[in-house]
Amino acid sequence: MEPANILKIESLSNNWRDKDDIILHACFQILKNFVEQEKEMIEVIDWGYEEKTKKAKLEIDFLYLWWVDRIDKEDHLNEKQYEVDNQMLKRLIDVRKYLWT
C-alpha cells in the first residue's frame, strides 16, 4: 500500500507544468481516485437519504465523467477551456465534503 500523502497524477507527464495546471489535475485526480478506488464503499452509501446528498452524488458523477472526457482533449487548451476548467474546479470544491467513505 502506498502512503496516503502521495498523489500520483495520472493525467500529467513528467514534463514541466505550470502550477495552475497542476492544481486542476491534482484535484480531479483525487476525485477520480475516490470514484474508482472507493467504488464498493460508495455503492453502499444511501445517497438518497437527503436531498443535499442526492445532489452531491449527481454532481460527483457529473464531474467525474466530465474529467474523464476532458483529459482526452488535453491538447486543445484555449481561454474558453481554461474558464470551463475553473468553473468545474469550483464545483468540485463545493462537493468536497462528500468525498469520504
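No experiment lies behind these values; they were computed from the predicted model shown. Going along each chain's sequence as written, the residues are numbered from 1 onward. Since the coordinates come from a predicted model, pLDDT governs what is reported: local features require at least 70, and pairs of side-chain atoms require 80 or more to be given and counted, while whole-chain, interface and lining totals use all residues. Side-chain numbers here rest on the full set of heavy atoms in the structure, without hydrogens or water.

### Some thoughts on the pattern of salt bridges
Now for step 1: Between Lys or Arg on one side and Asp or Glu on the other, a salt bridge is scored when a side-chain nitrogen of the former is within 4 Å of a carboxyl oxygen of the latter. Applying the stated criterion across every chain, the model contains six salt bridges.
Now for step 2: A salt bridge links Glu36 to Lys32, with the nearest nitrogen and oxygen atoms 3.1 Å apart. One end of the pair, Glu36, and the other, Lys32, are both in helix 1 (residues 19-37), four residues apart, so they sit about a helical turn from each other.
Now for step 3: Only protein chains enter the calculation, and the probe is 1.4 Å; a residue is then buried if its accessible area is under 20% of its type maximum, exposed if over 50%, and partly exposed in between. Under the relative-accessibility criterion, Glu36 is labelled partly exposed at 38%.
Now for step 4: A salt bridge links Glu59 to Arg91, with the nearest nitrogen and oxygen atoms 2.5 Å apart. Taken together, the residues Glu59 in helix 3 (residues 51-71) and Arg91 in helix 4 (residues 79-94) connect sequence positions 32 residues apart. Think of it this way: any DSSP run of H or I at least four residues long counts as a helix, any run of E at least two long counts as a strand, and we number them from the N terminus.

### Some remarks on helix 4
Now for step 1: With 16 residues, helix 4 extends 23 Å from end C-alpha to end C-alpha; this agrees with the ideal 22 Å at 1.5 Å per step.
Now for step 2: All of the buried residues in helix 4 are Gln81, Asp85, Met88, Leu89 and Leu92. Buried residues along helix 4 cover an arc of 105 degrees about the axis, so they all sit on one side. Among the exposed residues of helix 4, those pointing more than 90 degrees away from its buried face are Glu79, Lys80 and Asp94.
Now for step 3: Looking at the buried residues of helix 4, the elements they touch are helix 1 and helix 3.
Now for step 4: Between a side-chain oxygen at the N-terminus of helix 4 and the backbone nitrogen of Lys80 the separation is 3.0 Å; the capping residue is Asn78. The span you would expect from a helix comes to 1.5 Å times its residue count less one. This arc corresponds to the set of directions leading from the helix axis out to the C-beta atoms. Between two residues, a contact is recorded if the distance between any of their heavy atoms is within 4.5 Å. We call two N or O atoms a polar contact when they sit within 3.5 Å, provided that within protein one can donate a hydrogen and the other can accept it, with sequence-adjacent residues counted only if both atoms are side-chain atoms.

### Thoughts on the packing of aromatic side chains
Now for step 1: Any two of the Phe, Tyr and Trp rings considered here, Trp counted by its six-membered ring, make a pair once their centres fall within 6.5 Å; the pair's planes then place it as stacked at under 30 degrees, edge-to-face at over 60, or tilted in between. With the rule as written, the count across this model stands at three aromatic pairs.
Now for step 2: Seen in terms of ring centroids, Trp66 and Trp67 are 5.9 Å apart; in terms of plane orientation they differ by 45 degrees. Their pairing is tilted.
Now for step 3: Under the relative-accessibility criterion, Trp67 is labelled buried at 1%.
Now for step 4: Each residue in the set Phe28, Trp66 and Trp67 is aromatic and connected to the rest through ring pairs, giving one cluster.

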